[in-house]
Every structure is written in structure tokens, then in C-alpha cells.
Amino acid sequence: MLQIGDVIVSFDVLTKEFSCDLSSCHGACCVEGDAGAPVTPDEVAQIEELLPVIWDALDPEARRVIEQAGVSCLDPEGETVTQIVNGKDCVFTCHGEDGSCYCAIEKAYREGRCSFMKPVSCHLYPIRVRKLGGYWGLNYDRWDVCRAAVLKGQREHIPVYKYLEGPLVRRFGRDWFDELELTVSEMKKQNII
């Protein structure tokens, strides 16, 4: 493990390779699993504000879930997460013409219809962030639906932290990421990783 400021980073985040391959997985991470994406109270408020912008892109069943239970709930571990439909699909999933799943929030952001990209936990995936006392822990989450992303990352030689530079900067800041990169470079020179 490596510590940069109040963030503890698993070596897997530094050494494992990953690059999303939407053409292979078709967005399975948005429709598989037993809980929604972790969200902060601020993110819940932002999502609630932009509901009118994305409402028509949502599946009718997702709209019913949101109308009845809101955009978020507590998962079995007590963490606030986005609601899901039919025990698996994120309520913000929409489908493209190619059959792939997309985030309705991110789609609206990319089209310039809102200023909120998507929950930072989604943006950071496959990194999972956990509070560890006074620290944040970053771990690489392995999931079989991401096998194509692992293979693509290996072909392109992209470590998880480099693939997720933008989301890591969004969450922890440019200075933090620059220090991480410098530290990783030094660790490689010393054959630590």
C-alpha cells in the first residue's frame, strides 16, 4: 500500500491494467450487481435537481421506482446508493441504439444539458473508495463483467490509476494525482512495484 496525504492506495491500483471496452461489455456495470452506485448527499441533491433534464431518457420502470422511493436508498451495509430496478439495473441506465447501456446523467452532461457528470463512484470505477478512520482507502474492484477491460488494459499497458486520471483528479485534486505519479515513478525505479 502507498499513502499520499490522507489517501491509502492499494498496489493493485498502481500495477493492474484496465481500460473500459464498452464494445465488449455493453455497459454491464450499470445493469449487474445487487446495489446501486454509492452517492454522497451532495450528489443526491444534484441528481434530484437534474431529474427533469433526464426524465424522458429513463426507463418507465425506473421512473416508477424514483417516484415511489426517490433517487437513492441505503444498501445492506448502510451506504447511500442509487436506486436499482428489478434487483440489478441502476435507475439511471438508458440504452443506446447499439444495445449498450449508458448513464442518462452522463449522456445529458456530454450533450451540454447539465453540469453534473455522474456520481464520482461511477466515474472512478473499478476503483472503490472507502473511509478508513481518518483516511480514504482506494482499492481495485475485480468483477468478471470487466474482463474485456482488463484484457484491453493489458494490451495497451494502461495501469488502473493512469486510466482513471481524470476521475482521480476530480475526486482528490491535481496536486494529489501529480504526487501519486511522482511516487509511483520512484517506486518503479527502485523496483518496489
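Residues numbered from 1 in each chain as written. Predicted model: local features only at pLDDT ≥ 70, side-chain atom pairs only at ≥ 80, totals over all residues. Heavy atoms only, no water.

(A) Structural view of the packing of aromatic side chains. Across all of its chains, the model carries 5 aromatic pairs by this definition. It is K131 that lies over the ring of W136; its NZ or CZ is 4.3 Å from the centre. Sitting above the plane of the W136 ring, R171 keeps its charged end 4.6 Å from the centroid. (Phe/Tyr/Trp six-rings, centres within 6.5 Å; stacked < 30°, edge-to-face > 60°. Lys NZ or Arg CZ within 6 Å of the ring centre and 35° of its normal.)

(B) Here's a closer look at the environment of I105. Among the structural elements, I105 can be located in helix α5 (residues 104-110). Note on I105: relative accessible area 0%, which makes it buried. When the C-alpha atoms of I105 and W55 are compared, they prove to be 9.7 Å apart, with 50 residues separating the residues in sequence. Apart from the residues within four sequence positions on either side, I105 is in contact with I47, L50, I54, F92, C114, F116, M117, K118 and P119. (Helix = DSSP H or I, 4+ residues; strand = E, 2+ residues; numbered from the N terminus. Buried < 20%, exposed > 50% of the residue type's maximum accessible area, 1.4 Å probe, protein only. Contact = heavy atoms within 4.5 Å.)

(C) View of the sheet that holds strand β1 (residues 2-4). Across the sheet, 4 strands lie side by side as β1-β2-β10-β9; this open sheet has mixed pairing. Either end of the sheet is taken by a strand with one partner, and the two such strands are β1 and β9 (127-132). Each strand of the sheet is rotated relative to its neighbour by a mean of 25 degrees, with strand direction disregarded. When β9 meets strand β10 (residues 135-140), the two strands line up antiparallel, connected through 6 bridges. By the bridge assignment for β10, K131 is matched with W136. Against the sheet, helix α9 (residues 165-172) touches β2 (7-9), β9 and β10, its axis set at about 165 degrees to β10. Most of the contacts of helix α10 (residues 174-189) go to β1, to which it runs at about 145 degrees, and overall it touches β1, β2 and β10. (Pairing = 2+ DSSP bridges. Axes fitted to C-alpha atoms, helices over the stretch in contact; angles between N-to-C directions.)

(D) Representation of the state of the cysteines within the structure. One pass over the structure, following the stated rule, counts 0 disulfides. The structure places no disulfide on C73, whose sulfur is separated from the nearest cysteine sulfur, that of C90, by 10 Å. Distance from the sulfur of C90, which forms no disulfide, to the nearest cysteine sulfur (C122) is 6.3 Å. (Disulfide = S-S within 2.5 Å.)

(E) Region of the structure containing the pattern of salt bridges. For the structure on display, the rule yields 12 salt bridges. E106 is paired through a salt bridge with K118; the nearest N and O atoms lie 2.8 Å apart. With a gap of 12 residues between them, E106 in helix α5 and K118 in the loop between α5 and α6 (120-124) connect regions that are remote in the sequence. Exposure remark for E106: the relative accessible area of 14% places this residue in the buried category. Assessed through its relative accessible area of 13%, K118 is described here as buried. Among the salt bridges present, the one from K162 reaches E181, with a minimum N-O distance of 2.5 Å. With K162 in helix α8 (residues 160-163) and E181 in helix α10, the pair connects residues that are 19 residues apart, well separated along the chain. (Salt bridge = Lys/Arg side-chain N within 4 Å of Asp/Glu carboxyl O.)

(F) The nonpolar core, seen in detail. Counting 27 residues, the largest nonpolar core has V9, I127, L138, Y161, L168, W176 and L180 as the members making the most contacts within it. Among residues more than four places away in sequence, those in contact with V9 are M1, L2, L14, L138, W176 and L180. By size, the runner-up hydrophobic cluster in this structure holds 22 residues, among which are V39, I47, V85 and I105. (Core = buried A, V, L, I, M, F, W, Y, C linked by side-chain atoms within 4.5 Å.)

(G) Spotlight on unusual backbone geometry. Cis geometry is found at the peptide bond from Y125 to P126, where omega equals 20 degrees. Tracing the sequence through the fold places P126 in the loop between α6 and β9. Phi is positive for N86, which is not a glycine, with a value near 55 degrees. In this fold, N86 is placed in the loop between β5 (84-85) and β6 (89-90). Judged by relative accessible area, which is 65%, N86 ranks as exposed.

(H) Expanded view of α9. Buried within α9 we find P167, L168 and F172. When α9 is viewed along its axis, its buried side chains cluster within an angular range of 105 degrees and face the same direction. Summarising the contacts, the buried residues of α9 are in contact with β2, α6, β9, β10, α8 and α10. Trailing α9 by a residue or two, G173 shows a phi angle of about 100 degrees, which is positive. (Arc of directions from axis to C-beta.)

Just distances and angles here, no functional claims.
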